[in-house]
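# Analysis of the macromolecular model
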Amino acid sequence: MSTRAKHHKSRFGCMRCKQRRVKCDEGAPCENCVRRREECSLSSSDGITPSQNYQPYLSLSDSDPTSFLSHLIHEPGVSEPSYVETWGQSLFLMSHFVSSTSRTFSCRMDMLQLWQSVVPEEAIPCRFLLHGILAVSALHLASLRPSQRLKYERYFRQHQNNAIPEYRRAIQDIKVDISGPIFAMAYLLAMLSLATLSDNGPPKDLDNRNEPAFDSIIALFAVIRGANAVLKVDPVWQQIMSSPYSIIISMHMTSRSESFLLPAHLQRRYLLLKTDCLDSLLVDDDLSVRKVLEEAIDRMESLHRDILYITSEMGPSKDVDVEPSHLLQWIALVPSEFVSLLRQKDTAALVIFSGLVVLFRLVDNRWFLKNWPVNVLDIIRGVMDPRGLQWLDVLLS
């Protein structure tokens, strides 16, 4: 005899969720209202309030510093088939993550050990990390098994929706003893945000199928910079650096690359961006804007030098390869004013960001980055002023 899955009613949900007859996570405000950018009836209640110890660099809502997570929530439609989770399905997803998905993160053996052993063990008492792992595993399987894609996409949505509210609560009141799981989840969220712009990306929400693709680029900046702001808070950062997760940070420390010179043609390219490109694209002679754009170019030139150093014979190890997380550093560190320009579709900012997109061609062999540079450059061309197109050709040459 079949048994029906238990349904836990949201007894203290907000008024808007009750009106739409959708499950409310009872946050203050709830995830659904934040994602829809609506006023939530729970906002004025005595709910959990965000920690005042950090402020993400880019948030979708000034009133909630964790709102960079909101676009990751999928709100199911009324007609969408329900998904009943079983132990067998979860065990299979975890097995696939350990045996297969974890191997796609990095070619380094110490990273493989981290994702195959340390992270799964830490996820046992940590629900947001457990669901995050299962969500990534399900999305990976959806890319590997086209005939079963719809099934694994449902698994992905269910586990991601379970992970995000729990993760939000964890970073609203960070406990140092779970700094590691919080860091691991941030890594997984960065991967999922990248995947959104790839051929193997997660499905669109039913309410957002026509969402402009450029919004996904801005959402990527929001997730990377928001998570970076949370993790850089002491003593969270100190705890991470003294844990097994420090290997992810240490592989980005390439101080000896300062003496490594870029090839002459690349030096000329970055010089052209800072001179001829900005001269032709900046309508107003605003020195403050120019300074922001020049800093973004300088950071990209430094990143490019680090990458070439890592892969050269002078590099730290022949076993080290370029990781997507190397490139995400630029998104985390560019001035917040640059991100504002990008949101406004400023032509010069779009050209500069395209330089990073071109560098992603070095890592687009990952399943979660399939055709990522091509897709993102197509989006940029669609919103860019024609004056900037010639500079895209310079970057691609």
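These lines cover the structure that appears in this document, whether it is placed above or below.

Cut-offs and rules
- Residue positions are given per chain, counted from 1 along the sequence in the order it is written.
- With pLDDT at 70 or above as the cut-off, local features in this predicted model cover only qualifying residues; side-chain atom pairs require 80 or more to be listed or tallied, and sums for whole chains, interfaces and linings still use all residues.
- With hydrogens and water stripped out, all remaining heavy atoms of the structure feed into the side-chain values.
- For this document, the term salt bridge refers to a Lys or Arg side-chain nitrogen within 4 Å of an Asp or Glu carboxyl oxygen.
- Put simply, DSSP marks the helices as runs of H or I at least four residues long and the strands as runs of E at least two long, and each gets a number from the N terminus on.
- Pairs of N or O atoms within 3.5 Å make up the polar contacts considered here, provided that, within protein, one atom can donate a hydrogen while the other can accept it, and that residues adjacent in sequence are counted only when both atoms are side-chain atoms.
- By definition here, a helix of n residues has an expected span of 1.5 Å times n minus one.
- A simple rule labels every residue: compare its accessible area, found with a 1.4 Å probe on the protein chains alone, to the largest value its type can have, and call it buried under 20%, exposed over 50%, or partly exposed in between.
- What makes two residues a contact is simply this: any of their non-hydrogen atoms within 4.5 Å.

## With respect to the pattern of salt bridges
Taken as a whole and assessed by the stated rule, the structure comprises 11 salt bridges. Among the ionic pairs, Lys175 bridges to Asp173, the shortest N-O distance being 3.8 Å. Measuring nitrogen to oxygen at the nearest pair gives 3.5 Å for the salt bridge that ties Glu295 to Arg299. In this pair, Glu295 and Arg299 are both assigned in helix H12 (residues 287-311), 4 residues apart and thus about one turn of the helix distant. Bridged by salt links that share partners, the residues Asp279, Arg290 and Glu294 form one connected network.

## So, the side chain of His131
Looking at the secondary structure, you find His131 in helix H5 (residues 127-144). Within polar-contact distance, the side chain of His131 engages the side chain of His159 at 3.0 Å.

## Observations concerning helix H15 (residues 347-359)
An ideal rise of 1.5 Å per residue puts 18 Å on 13 residues; H15 measures up with 19 Å between its terminal C-alpha atoms. For H15, the tally of buried residues reaches 13 of 13 residues, placing the bulk of the element in the interior.

## Things to note about the environment of Ile240
In this structure, Ile240 sits in helix H9 (residues 236-241). Note on Ile240: relative accessible area 0%, which makes it buried. Taking the C-alpha atoms as reference points, Ile240 and Ser179, separated by 61 residues in sequence, lie 6.2 Å from one another. Every residue in contact with Ile240, bar those within four places of it in the chain, is listed here: Ser179, Phe183, Leu231, Tyr245 and Ser246.

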